[in-house]
Amino acid sequence: MSPIQEPILTFDIKPHLAHQAQQVETALEGLLRKQVMDGETVRPTRLLEAMRYAALSGGKRLRPVLLMETAALFGRTDEGVCQAGAALEFIHCYSLAHDDLPAMDDDDLRRGRPTTHKAFDEATAILAGDALLTLAFDVITGEMVHPDAATRLRLGRELSRAAGIGGMAGGQMLDIESENRDRTETEIRTLQAMKTGALLRYACRAGAILADADEADIQRLTRFGEIIGLAFQLADDLLDVEASSDVTGKATGKDADAGKATLVALLGADATRSEVSRLLEEAQTLLAPFGDKAGNLSAIAGFIANRDH
């Protein structure tokens, strides 16, 4: 994929992303331990193994890292923020385990290895996704996340809406309904803002809420998250058209084969790249009031646009 020519990536963000991702990995590992928590009876070994397989498979951990970086922008960097990021990542991992199923996207490969239902079986993959989804709300409402119960309630409610019928799950339904059908640009943008964008939007919004930012800044970071979500999906669509499975770690060319509604299919690759550049310009404008403190978020935006997998 040709790089997006935009002066956002002013330094190499990859080592920092790797460091932050490792912190998230450690938090996920701790939450997916064999020891039961209060109120649990037993954690079945096979189910726990499938949950760990689905959640501890590496990756950039972009959503929790965005949450952590947004919270850091407003001065909060403690372990509770990482826990909130882990909750968000559980939602993302559950969605991947379910999306890969034969009844959904029917994928055999994820991050360069067999998908959860291929490594285990379909029933176990479904239950693993269910359990990861449920565990996410256990974690996001924990006292470590924020001392104020009303704030934890807000975080949990907004996460449910980002993941549910008006967010990610609803977007997946719209995506399925759009297969092999003509869709307008507005319709495609709507389904992508829900299916992919809702959790990225939440990541930036939740980070600001966790750090007790004022409402004006919460709204500014919310818009930044919306832009990141759109740019991420557009870059993903370009990769599906232009990259190889050896680079991306998953099958490519499947959107066209499945008749998926994408802006690349509607507008073409060049127009899509131009749109990503426009989005990144708006992202920079939103971050400008924070100056150098927003350097990591700015660099992450550039990384998203130029990623090769």
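Scoring rules and cut-offs
Residues numbered from 1 in each chain as written. Predicted model: local features only at pLDDT ≥ 70, side-chain atom pairs only at ≥ 80, totals over all residues. Heavy atoms only, no water. Patch = residues over 30% accessible without salt bridge, like charges linked within 9 Å, V, L, I, M, F, W, Y side chains within 5 Å. Areas by Shrake-Rupley, 256 points an atom, 1.4 Å probe, with all protein chains shown as cover. Salt bridge = Lys/Arg side-chain N within 4 Å of Asp/Glu carboxyl O. Helix = DSSP H or I, 4+ residues; strand = E, 2+ residues; numbered from the N terminus. Expected span 1.5 Å × (residues − 1). Buried < 20%, exposed > 50% of the residue type's maximum accessible area, 1.4 Å probe, protein only. Arc of directions from axis to C-beta. Contact = heavy atoms within 4.5 Å. Disulfide = S-S within 2.5 Å. Polar contact = N/O pair within 3.5 Å; in protein donor to acceptor, adjacent residues only side chain to side chain. Core = buried A, V, L, I, M, F, W, Y, C linked by side-chain atoms within 4.5 Å.

1. Examining a nonpolar patch on the surface
Then step 1. Taken together, the side chains of Met104, Met173 and Ile176 define a hydrophobic patch exposed on the protein surface, amounting to about 220 Å² of accessible area.
Then step 2. Take methionine 104: it is sitting in the loop between helix H4 (79-99) and strand E1 (109-110).

2. Focus on helix H1 (residues 14-31)
Then step 1. The end-to-end C-alpha distance of H1, which contains 18 residues, comes to 26 Å, matching closely the 26 Å that a straight helix rising 1.5 Å per residue would cover.
Then step 2. Considered for burial, the residues of H1 that qualify are Leu17, Gln20, Ala21, Val24, Glu25, Ala27, Leu28 and Leu31. One face of H1 carries all of its buried residues, which in axial projection span an arc of 165°.
Then step 3. Lining the buried residues of H1 we find helix H2 (45-55), helix H3 (62-73), H4, helix H6 (122-140) and helix H16 (295-306).

3. Details of the state of the cysteines
Then step 1. Evaluation of the coordinates by the stated rule reveals 0 disulfides.
Then step 2. The closest cysteine sulfur to the non-disulfide-bonded cysteine 82 is located on cysteine 93, 13 Å from its own sulfur.
Then step 3. A residue is classified by how much of its surface remains accessible, and cysteine 82, at 3% relative accessible area, is buried.
Then step 4. With no disulfide of its own, cysteine 204 has cysteine 82 as its nearest cysteine by sulfur position, at a separation of 16 Å.

4. Digging into H6
Then step 1. Helix length check: H6 (19 residues) gives 28 Å between terminal C-alpha atoms against 27 Å at 1.5 Å per residue, within 8%.
Then step 2. Of the positions making up H6, those classed as buried are Thr124, Ala125, Ala128, Gly129, Ala131, Leu132, Leu135, Ala136, Val139 and Ile140.
Then step 3. Along its buried surface, H6 packs onto H1, H2, H4, helix H5 (116-119), helix H7 (149-163) and helix H10 (197-210).
Then step 4. A distance of 3.2 Å separates the backbone nitrogen of alanine 123 from a side-chain oxygen at the start of H6, and that oxygen is part of aspartate 121.

5. Some remarks on the nonpolar core
Then step 1. Residues Leu32, Leu66, Phe90, Leu132 and Phe224 are the most contacted members of the largest nonpolar core, which totals 84 residues.
Then step 2. If one sorts the elements of this core by residue count, H4 sits on top with 11 residues.
Then step 3. Those residues within four positions of leucine 66 in sequence are excluded, and the remaining contacts are Leu200, Ala203, Cys204, Ile228, Leu297 and Ile300.

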